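Residues per chain, in single letters:
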Amino acid sequence: MPAIDKSQVAELLDEIAILLELKGENVFKSRAYRTAARAIESMPEDLARLVAEDRLDSIAGIGSALRQKITELVTTGRLPYHEELRASFPPGIFDLLQLPGLGPKKVKILHDQLQVSDIDALEAACQDHRVAALAGFGAKTEANLLLGIDQRRHYRGQHRYGDVYALAESLVDDLRQHPDVIRASVAGSLRRGKEVLKDLDLLASSANPAAVMDAFVALPGIERVTNHGETKSSVLFGNGLQCDLRVVSDTEFPYALHHFTGSKEHNVALRQRAIGQGKRLSEWGLFLEPERAKKIEGAELPSGEPTLIVCRTEEEIFADLGLQYVPPELRENLGEIEAAEAGTIPRLVEWTDLKGTFHCHTVASDGRHTLQEMADAAAELGLAYLGIADHSKSSFQANGLSEERLLAQHREIAALNASRDDIRLFTGVECDILKDGVLDFPDEILAACDYVVASVHAGFTAPEEEMTRRVIRAMENPYVTMLGHATGRLLLRREPYAINLEKIIDCAAETGTWIELNANPYRLDMDWRWWRKARDRGVRCVINPDAHGIDDYGYLRVGTQIARKGWLRREDVANTRTLAEITALLQEKRNRR
DNA sequence: GCCGTTTTCGGCCCGACTGTTTTCAGTCG
């Protein structure tokens, strides 16, 4: 039996918490399970050892009942208590909880009174107006639920970049290990760094495609093979992600890679350019077409059959077309071809350019790791500085810090800084922007921080004008260094709140406030479509992981690709600066008042 | 279900917002 790990235990405890809520149990009981889940997840010790030595209840939040259950789970791999709880509800009930406006209480009512056990049943009940007739529900709730169901359908079949790229990399690695594979790469929208994808496209070159295909469809983790051909196969993973692999000859590889990377709009524009030069570009090659060439004024008149213009790489394809190389992230036909022609494609920021980062949480608010652990992991990653930013007091749900706790954390940080020289910690706070744009802490507290992230965490439904005014007012506070997750969106889960980004960018330019590129894969906020404009207005970007644990530093890579997609260069991103430079930059921002 | 105790019970995290209600429950952050 494989050992069950901490995160699996935590996940199971969280599920028990949900089931208890659905049962209508004491809310503090379910909260106790959640607390225990967080405690297990974030404790440094080895779980199996703690169980073996019967020291579980030395952990705060774990008493005798949870000690017994966790011990049973870890030693036997099973927990009948959980299995019985789960068996008392239909599996579709968890989907219902995902709908906005539905919590455990209402789901319980729907389940008990209308026998609604999944999304489809809920939709039918709403359409029959059986839901509105229930006590505590009404016409508006019914309409909102239908809207939520609709939105969910719209999201179905789409995947977040952050949920896909690790799988994609391991698949490409697997392909490269195969003796018959010459070259392999991710293609499609993932390679372009799109924040949301419909499927995953892979490409390989080989002289023996059938062998590569056979190996591909047999890779672990594949749930179903939907297509298994000589040059193209499609498989389905457990999370519903479809993955296509195409295999071509190595000669065709660069053309195919360019073609399957897209975007369609970019490809169309590039093909038109080829035509203008008497050439033809497709997934199979770049050809010189004598018939086309003849029509071009002043062109030499070659004769005979179309001939392949041999390109070993994508770079050579662009070069033959008289263009600078266009990185995949820019291939959206949003001006990249014109820029490549003019030679003005910038050197885009790379994730190895990042020297440090900001906006990281600790156990002081809702993070999973201590200050020390967060610092150690960041140092190990090679970061020279780390900005801490736990929640401010209004974020009760996230255990936001009071003034006193914040200042205590500052002392802790000062002590850590004094004791080590491998990394420098900056004191900071993720300060809530309250209803009218007032910040959650007075200026003297903000002034005591090395930097401040200002974020909206409540009142999402305000009209655009009000929200914009609110955020602008916060940004006008000279102690605010950067704006956190500018639109509050959660990809494939929650739409952004209404806000006028044009005005926010203008305000950032005027006040020198940085705008965060929140690299959390659910957020990737501000959206890449706005960054080029922001950059041109002189607005500084800062790529932050919004880390709630040491594993979240990996988001920085995702965030950097989104920054690239927004045409950002190293100099546009504040945290590419060295420690000395960033220290000066923070000071410079403060001095603007 | 945990915790702490002036210890074996009683408190446990707060407040805005929404939609349902005429005073509040549920959801969300």
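Residues numbered from 1 in each chain as written. Chains lettered and ligands numbered in written order. Predicted model: local features only at pLDDT ≥ 70, side-chain atom pairs only at ≥ 80, totals over all residues. Heavy atoms only, no water.

Within the structure shown, the criterion is met by 0 disulfides. Not part of a disulfide, Cys507 finds its nearest cysteine sulfur in Cys431, a span of 16 Å. (Disulfide = S-S within 2.5 Å.)

Below, the discussion takes up empty space enclosed by the protein. In the structure shown here, the tally under the stated rule is 1 cavity of 30 Å³ or more. The computed volume of the largest cavity comes to approximately 40 Å³. Lining of the largest cavity is provided by Tyr255, His258, His259, Asn267, Arg271, Leu281, Ser282 and Glu283. Counting residues per element, the ones that place at least two in the lining of the largest cavity are helix H13 (253-261), helix H14 (264-276) and strand E8 (279-282). When the residues that make up the lining of the largest cavity are grouped by side-chain class, the tally is 2 nonpolar, 4 polar and 2 charged. (1 Å grid on protein atoms, 1.4 Å probe; cavity = no way out; pocket = protein on both sides within 12 Å on 5 of 7 lines; lining within 4 Å. Points joined across faces, edges and corners; volume = space filled by probe spheres on them. Helix = DSSP H or I, 4+ residues; strand = E, 2+ residues; numbered from the N terminus. Nonpolar A, V, L, I, M, F, W, Y, C, P; charged D, E, K, R; others polar.)

Lining the immediate environment of DNA strand B, one finds 38 residues, of which Gly103, Gly138, His457, Thr461 and Arg494 sit closest. Considering the 4 Å shell around the protein, atoms of DNA strand B inside it are sugar or phosphate in 71% of instances. With respect to DNA strand B, the side chain of Tyr33 contributes an N or O atom lying 3.2 Å from a phosphate oxygen. With respect to DNA strand B, the backbone of Lys140 contributes an N or O atom lying 3.4 Å from a phosphate oxygen. Sorting elements by how many residues they give to the surface near DNA strand B places helix H2 (residues 27-42) first, with 5 residues. Class assignment for the residues of the surface near DNA strand B results in 17 nonpolar, 13 polar and 8 charged. (Near = heavy atom within 4 Å. Polar contact = N/O pair within 3.5 Å; in protein donor to acceptor, adjacent residues only side chain to side chain.)

Moving on, we get to the sheet that holds strand E10 (residues 307-308). Strand order in the open sheet formed by 3 strands is E8-E9-E10, and the pairing between neighbours is antiparallel. Either end of the sheet is taken by a strand with one partner, and the two such strands are E8 and E10. Summarising the sheet, strand E9 (residues 285-288) and E10 pair through 2 bridges and their orientation is antiparallel. Bridging from a neighbouring strand, Phe287 pairs with Leu308 of E10. Packing of H14 onto the sheet brings it into contact with E8 and E9, and relative to E8 it is tilted by some 155°. (Pairing = 2+ DSSP bridges. Contact = heavy atoms within 4.5 Å. Axes fitted to C-alpha atoms, helices over the stretch in contact; angles between N-to-C directions.)

Turning next to unusual backbone geometry. Trans peptide bonds make up most of the peptide bonds, and negative phi angles are found at most residues other than glycine. A cis amide bond links Gly262 with the next residue in sequence, Ser263, at an omega value of -5°. Mapped onto the secondary structure, Ser263 falls in the loop between H13 and H14. Cis geometry marks the peptide bond from Asp525 to Met526; its omega dihedral reads 15°. As for its placement among the helices and strands, Met526 is situated in the loop between strand E18 (514-518) and helix H23 (531-536).

To continue, consider the domain arrangement of chain A. The domain boundaries assigned to chain A delineate domain 1 (6-155), domain 2 (159-250), domain 3 (256-342) and domain 4 (351-591). Of note, the centres of domain 2 and domain 3, computed from C-alpha atoms alone, are 26 Å apart. Tallying the contact residues gives 12 residues for domain 2 and 13 residues for domain 3. In total, domain 2 and domain 3 occlude about 1,100 Å² of area from one another, counting both sides; carbon and sulfur atoms represent 54% of this. On the domain 2 side of the interface with domain 3, the three residues burying the most area are Arg191, Arg192 and Leu203, jointly 56% of the side's total. (Domains from an automatic or database assignment. Buried area = accessible area lost by both parts, 1.4 Å probe.)

In total, this model carries 44 salt bridges according to the counting rule given. A salt bridge links Glu314 to Arg191; the shortest N-O distance between them is 2.8 Å. Of this pair, Glu314 sits in helix H16 (residues 314-320) while Arg191 sits in helix H11 (residues 188-191); the two residues are 123 residues apart in sequence, bridging distant segments of the chain. Pair check on accessibility: Glu314 and Arg191 agree, each one buried. One network of salt bridges, in which partners are shared, links Glu195, Arg489, Asp527 and Arg529. (Salt bridge = Lys/Arg side-chain N within 4 Å of Asp/Glu carboxyl O. Buried < 20%, exposed > 50% of the residue type's maximum accessible area, 1.4 Å probe, protein only.)

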